[in-house]
Amino acid sequence: MIIECWGRVCDQLRSDIGQDAFQNWIEPLNLLSVENGVASFSAPTSFVGTWVNRNYGDSITMMMTREGVDVDRLAFKADVLVKPVAAPTVEEVTTPDEKPKPPVTTGSPDLPGSPLDKRFTFDSFVVGKPNELAHAAARRVGEGGPVTFNPLFLYGGVGLGKTHLMHAIAWEIKERNPKAKVLYLSAEQFMYRFVQALRFKDTMSFKELFRSVDVLMVDDVQFIAGKDSTQDEFFHTFNALVDQNKQIIISADRAPGEIDGLEDRIKSRLQWGLVVDLHPTDYELRLGILQSKAEAQLRHYPEVKLADGVLEFLAHRISNNVRVLEGALTRLFAFASLVGREVTLDVVQESLADVLRASDRKVTIDEIIRKVADHYNLRLTDILSPRRARSVARPRQVAMFLAKTLTSKSLPEIGRRFGGRDHTTVIHAVKKIEELRSIDNQIAEDVELLRRMLEA
Ligand code: ADP
Ligand code: MG
């Protein structure tokens, strides 16, 4: 019964996440048991387990529950035979600040790369839940040991640290092995070089150059989508380097499968290695980044004083993009130093009014169901079940109300995700909660608390 349920869940997952991702992540898992709401799996490495839990955990729990097996949580055991890919240890992460920085260069003298930013090192990269896997993978590659993931494909939205991590890998490899030929360039530059070579009928030296490097990094590869001859050349370079066991690191703003206009053979080749994404930042990570950047700013502007709560306020109010967060902080310090005032919340609101637009973080229905279930101490099955008892029906209505107000999903879609209910049920739930909110303090508080947790 459990095995059949897992089989059906696998079918759904395969169609949801695509054959490639399915093969990489789900197929290697074995469902061992389901006990007390915990589904235990074996996974080839602990990395795979953590990854699956992070990326597909909610979907898998939800799907199993819908298929009639009562699951609240997943647990993964690494197969002992395979050496797990360990996350970096604490020592590795907190290398002392005094560590000599590599000099600023514009790439190796003989390599036509883009300049590396000397600020983008592992030391200055703040690690949190949303980026820990990408960071661990980048560290691994930076160590420069045997090539295990090839290519390493980093993807994520704008300003989440892709370029920073790539530069950090480059610095690290160069520091450990000054002779290594590391070539970092944007996809745009790759194309520019290639077009130049074509123009001057010098594609031979172009090919030789690219194929002589030890490590090739191409940033923002979505740029070459749709540019056919560049893609072709990229593909050949890529293959040649992989054949020679040279490390390749690629970044894009989307997963390989989602880049329109990228040839299928390239997409699948990109998925051969390790594909890791940088998730949107959460409150803790934003605060961590702000604290670290504020310390750096204070070295430039020792006269500036930050009032308590300013960084927390910014971490709450400014959305995902770390570049925006950094820009806001820089402006704040410049402003404070000019006007010679302590930075209070008032100063923040005055000087950053335009940046402080409400963040438009996307909340998912699955997240809402899980948070509401946790809040009311219910199981996911209860929320999705047809039970009408008040103790279950009310929280379910709260969850539907939040799904309607916090996401852009349609009523029928919301109904479907709540155990296949009709859209009129959702309308009824939304009305009911709106009504209750004005007469029942407890409900009003619950909704407010949940909304804040979901939007954090
Ligand atoms: P992307 O290439 O993903 O668009 P970047 O790597 O250019 O983003 O990052 C944008 C800015 O945010 C950079 O200045 C970078 O140093 C900073 N940044 C992003 N993530 C972090 C982090 N985790 N810790 C410290 N700084 C970060
Ligand atoms: Mg970038």
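Here the structure is shown first, and the text comes after it.
Peer 1: What's the story with the overall build of the chain in this structure? I'm lost.
Peer 2: When helices and strands are tallied, the chain shows 20 helices and eight strands. Taken over C-alpha atoms, the radius of gyration comes to 25 Å for the chain, in line with the 23 Å a tight globule of 456 residues would show. With the principal axes as the frame, the chain shows a C-alpha extent of 75 × 65 × 45 Å. Each of the 456 residues in the chain was classed as buried or not, and the buried ones make up 47%. Here the chain displays about 22,600 Å² of accessible surface, and carbon together with sulfur accounts for 52% of that area.

Peer 1: Sorry if this is basic, but what is going on with the packing of helix 1 (residues 2-17) against helix 2 (residues 19-26) here?
Peer 2: When two helices pack together, their arrangement is given by the angle between the helix axes and by the axis-to-axis distance. Running from amino to carboxyl end, helix 1 crosses helix 2 at an angle of 130 degrees, the nearest separation of the two axes being 7 Å. Here helix 1 is positioned oblique relative to helix 2, judged by the angle of their axes. Here helix 1 and helix 2 pass one another in a crossing that is right-handed. Seen from helix 1, the contacting residues are Trp6, Cys10, Leu13, Arg14 and Ile17; seen from helix 2, they are Gln19, Ala21, Phe22 and Ile26. Broken down by class, the residue content of the contact of helix 1 with helix 2 amounts to seven nonpolar, one polar and one charged.

Peer 1: Explanation requested: the sheet that holds strand 3 (residues 73-78) in the structure shown.
Peer 2: Backbone-to-backbone hydrogen bonds pair the strands of a sheet. The strands run either parallel or antiparallel. Spatial ordering of the open sheet is given by 1-2-3, a layout of three strands whose pairing is mixed. The two strands at the open ends of the sheet, each matched to only one other strand, are strand 1 (30-35) and strand 3. For this sheet, the mean inter-axis angle between neighbouring strands, taken without regard to orientation, is 25 degrees. Strand direction decides the pairing type here: strand 1 and strand 2 (residues 38-43), joined by five bridges, are antiparallel. Across the sheet, residue Asn30 finds its bridge partner in strand 2, namely Ser42.

Peer 1: How should I be thinking about the sheet that holds strand 5 (residues 182-186) in this particular structure?
Peer 2: The sheet built from five strands is open, its strands ordered 5-6-7-4-8 with parallel pairing. In this open sheet, the two edge strands, each paired with only one partner strand, are strand 5 and strand 8 (274-278). Between one strand and the next, the sheet's axes are offset by a mean angle of 15 degrees, whatever the strand orientation. Note: strand 6 (residues 215-219) against strand 7 (residues 247-252), four bridges, orientation parallel. Residue pairing across strands places Met217 opposite Ile249, the latter belonging to strand 7. In the packing of helix 6 (residues 162-176) onto the sheet, the strands contacted are strand 4 (152-156), strand 5, strand 6, strand 7 and strand 8, and the crossing angle to strand 6 comes to about 165 degrees.

Peer 1: Hey, could you run me through the packing of helix 17 (residues 390-406) against helix 20 (residues 441-455) in this one?
Peer 2: Taken N-terminus to C-terminus, the directions of helix 17 and helix 20 make an angle of 50 degrees; their axes are 11 Å apart at the nearest point. Overall, the two elements helix 17 and helix 20 adopt an arrangement that is oblique. In the crossing of helix 17 with helix 20, the sense of the turn from one axis to the other is right-handed. Residues Arg394, Val398, Phe401, Leu402 and Leu406 of helix 17 form the contact with helix 20, whose participating residues are Ile443, Val447, Leu450, Arg451, Leu454 and Glu455. Residues belonging to the contact of helix 17 with helix 20 are distributed by class as follows: eight nonpolar, no polar and three charged.

Peer 1: Can you walk me through helix 17 in this structure?
Peer 2: In an α-helix, one full turn covers 3.6 residues, which means residues spaced three or four apart are oriented alike. When the terminal C-alpha atoms of helix 17 are compared, their 24 Å separation across 17 residues agrees well with the 24 Å that a helix rising 1.5 Å per residue should span. Counting buried residues in helix 17 gives 13 out of 17 residues, a clear majority hidden from the surface.

Peer 1: What am I meant to see in the environment of Ser229 here?
Peer 2: Tracing the sequence through the fold places Ser229 in helix 9 (residues 228-243). Taking the relative accessible area as the measure of exposure, Ser229 reaches 43% and is therefore partly exposed. Between the alpha carbons of Ser229 and Phe194 there is a distance of 9.0 Å; along the sequence they are 35 residues apart.

Peer 1: Where do I start with the environment of Leu32 in this structure?
Peer 2: With respect to the helices and strands, the residue Leu32 is situated in strand 1. Remark: the alpha-carbon pair of Leu32 and Ile17, spanning 15 residues in sequence, is separated by 22 Å. With residues up to four places along the chain from it excluded, the contact list for Leu32 reads Ser40, Phe41, Ser42 and Lys77.

Peer 1: Help me understand the site of ligand 1, please; the structure alone is not making it clear to me.
Peer 2: Taken together, 18 residues are adjacent to ligand 1, and Gly159, Thr163, His164, Arg323 and Glu326 come closest. Here an oxygen atom of ligand 1 and a backbone polar atom of Gly161 are 3.1 Å apart. Taking Thr163, its side chain carries an N or O atom lying 2.8 Å from an oxygen atom of ligand 1. Here ligand 1 has 550 Å² of accessible area as a free molecule, and 94% of this is covered by the chains. Contributions of two or more residues to the shell around ligand 1 are made by helix 6, helix 11 (283-300) and helix 13 (322-339). Within the shell around ligand 1, the residues separate by chemical class into seven nonpolar, seven polar and four charged.

Peer 1: Is there a simple way to think about the nonpolar core in this case?
Peer 2: Most often, soluble globular proteins have nonpolar side chains that are buried together. Ile26 and Met64 are the most contacted members of the largest nonpolar core, which totals 53 residues. When neighbours within four sequence positions are excluded, Met64 is seen to be in contact with Cys5, Trp6, Val9, Leu31, Val34, Ala39, Phe41, Val69 and Val71.

Peer 1: Please explain the packing of aromatic side chains as it appears in this structure.
Peer 2: The description of an aromatic ring pair rests on the distance of the ring centres and on the angle between the ring planes. Counted under the stated rule, the structure contains 10 aromatic pairs. Ring centres 5.0 Å apart and planes at 70 degrees place the aromatic pair Phe190 and Phe210 in the edge-to-face group. Placement of Phe190 in helix 7 (residues 187-199) and of Phe210 in helix 8 (residues 203-211) is noted, with a sequence separation of 20 residues between them. Take Phe190 and Phe210: they sit in the same class, and that class is buried. Cluster of aromatic residues (ring-pair linked, three or more members): Phe190, Phe194, Phe206, Phe210, Phe234 and Phe238. Directly above the ring of Phe22 sits Arg14, whose terminal nitrogen or CZ lies 4.3 Å from the centroid. Of note, Lys227 hangs over the ring of Phe223, and the distance from its end group to the ring centre comes to 4.2 Å.

Definitions and limits used
Residues numbered from 1 in each chain as written. Chains lettered and ligands numbered in written order. Predicted model: local features only at pLDDT ≥ 70, side-chain atom pairs only at ≥ 80, totals over all residues. Heavy atoms only, no water. Helix = DSSP H or I, 4+ residues; strand = E, 2+ residues; numbered from the N terminus. Rg over C-alpha atoms; globule rule 2.2 N^0.38 Å. Buried < 20%, exposed > 50% of the residue type's maximum accessible area, 1.4 Å probe, protein only. Areas by Shrake-Rupley, 256 points an atom, 1.4 Å probe, with all protein chains shown as cover. Axes fitted to C-alpha atoms, helices over the stretch in contact; angles between N-to-C directions. Parallel < 35°, antiparallel > 145°, perpendicular 65-115°, else oblique. Left-handed = near helix turned anticlockwise from the far one by under 90°. Contact = heavy atoms within 4.5 Å. Nonpolar A, V, L, I, M, F, W, Y, C, P; charged D, E, K, R; others polar. Pairing = 2+ DSSP bridges. Expected span 1.5 Å × (residues − 1). Near = heavy atom within 4 Å. Polar contact = N/O pair within 3.5 Å; in protein donor to acceptor, adjacent residues only side chain to side chain. Core = buried A, V, L, I, M, F, W, Y, C linked by side-chain atoms within 4.5 Å. Phe/Tyr/Trp six-rings, centres within 6.5 Å; stacked < 30°, edge-to-face > 60°. Lys NZ or Arg CZ within 6 Å of the ring centre and 35° of its normal.

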